Amino acid sequence: MELMNQLRHITKTLSEMQDGWLNILIFSMIATHSTVVNGFPFTQNKDVADGLYNETLCTGVPYIYSSKMSTLNHDFERDPRVTFMYSAEFTHYCNDKGIDNDSPTCGKVMLTGNIHKVTDDDELKWAKYGMFSRHPITKDWPIGHGFYFYKLEILNIFTLDYFGGATKTS
């Protein structure tokens, strides 16, 4: 089945669509309110995980592994509101089909909400399972840099997969 057909929100329930994106894509662009650039938006790509790549078991919650030294972490501490943005182009689907990345037909999902440090032991095991399986190098990052797992508490979901603007689906 083609990726765009898997991702089209008009043919899937919200849960299936959201889980599908998190199963397929291994990184996200994360936007914050910057502490370094005095309140301006700041965006950085981050590895994300929710279980194994393309695994059927998926919670629908994106997890990241980030250092207390990271610019993003400074932003999280001041203001936990963030946006995770995913694009079908992250899989090269759009380019392979001759669809420009900026075209509305190159599907995108934006998840907005609050980011929180993972503290629950079971959830921490799940975050480690997904992150270290999808991104094995991360388990060897320096302990002294203060890496922690974070999860997005999703408050809004916007999808864009055709002309006419983004649709708020939650």
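Computed from a predicted model, the values in this text were never measured in an experiment.

Caption draft 1: Just the environment of Val-118, in detail. Residue position: Val-118 is located in the loop between β5 (108-117) and α5 (121-134). Residue class for Val-118 comes out buried when judged on its relative accessible area of 7%. A sequence separation of 55 residues divides Val-118 from Tyr-63, and the C-alpha atoms of the two residues are 8.7 Å apart.

Caption draft 2: Up close: the nonpolar core. Ranked by size, the top nonpolar core spans 15 residues in total, and within it Ile-64, Phe-76, Val-82, Phe-84, Tyr-86, Leu-111 and Ile-115 carry the most contacts. Secondary structure elements with two or more residues in this core: α3 (71-78), β4 (81-87), β5 and β6 (147-160). Beyond its immediate sequence surroundings of up to four residues, Phe-76 is in contact with Thr-32, Ile-64, Val-82, Ile-115 and Tyr-150. Listed in part, the nine residues of the second largest apolar core include Tyr-63, Tyr-65, Val-118 and Phe-147.

Caption draft 3: Molecular detail of α5. Taking 1.5 Å as the rise per residue, α5 with 14 residues should run 20 Å; its terminal C-alpha atoms sit 20 Å apart, in good agreement. Here α5 has its buried residues at Glu-123, Trp-126, Ala-127, Gly-130, Met-131 and Arg-134. One side of α5 holds all its buried residues, which, seen down the axis, span an arc of 115°. Seen from the buried face of α5, the exposed residues on the opposite side, beyond 90 degrees, are Asp-121, Asp-122 and Lys-125. At the N-terminal end of α5, a side-chain oxygen is found 3.1 Å from the backbone nitrogen of Asp-122, two or three residues along, and the residue is Asp-120.

Caption draft 4: View of the side chain of Asp-79. Topologically, Asp-79 is positioned in the loop between α3 and β4. There is a polar contact of 3.4 Å between the side chain of Asp-79 and the side chain of His-33.

Caption draft 5: View of the pattern of salt bridges. Under the defined criterion, the tally for this structure stands at two salt bridges. The salt bridge involving Arg-81 is made with Asp-79; its shortest N-O contact spans 2.7 Å. For Glu-123, the salt bridge goes to Lys-151, with nearest N and O atoms at 3.0 Å. Linking Glu-123 in helix α5 with Lys-151 in strand β6, this pair joins segments that are 28 residues apart in sequence. What makes Glu-123 buried here is its relative accessible area of 19%. Taking the relative accessible area as the measure of exposure, Lys-151 reaches 24% and is therefore partly exposed.

Caption draft 6: α3, seen in detail. Looking only at α3, the buried set comprises Leu-72, Asn-73, Asp-75 and Phe-76. Seen along its axis, α3 keeps its buried residues to an arc of 160°; they face one direction. Turned more than 90 degrees away from the buried face of α3 sit Glu-77 and Arg-78, all of them exposed. Packing partners of the buried residues in α3 comprise β1 (27-33), β2 (41-47), β3 (63-67), β4, β5 and β6. Its side-chain oxygen at 3.1 Å from the backbone nitrogen of Leu-72, Ser-70 defines the N-terminal cap of α3.

What counts and what doesn't
- Residues numbered from 1 in each chain as written.
- Predicted model: local features only at pLDDT ≥ 70, side-chain atom pairs only at ≥ 80, totals over all residues.
- Heavy atoms only, no water.
- Helix = DSSP H or I, 4+ residues; strand = E, 2+ residues; numbered from the N terminus.
- Buried < 20%, exposed > 50% of the residue type's maximum accessible area, 1.4 Å probe, protein only.
- Core = buried A, V, L, I, M, F, W, Y, C linked by side-chain atoms within 4.5 Å.
- Contact = heavy atoms within 4.5 Å.
- Expected span 1.5 Å × (residues − 1).
- Arc of directions from axis to C-beta.
- Polar contact = N/O pair within 3.5 Å; in protein donor to acceptor, adjacent residues only side chain to side chain.
- Salt bridge = Lys/Arg side-chain N within 4 Å of Asp/Glu carboxyl O.

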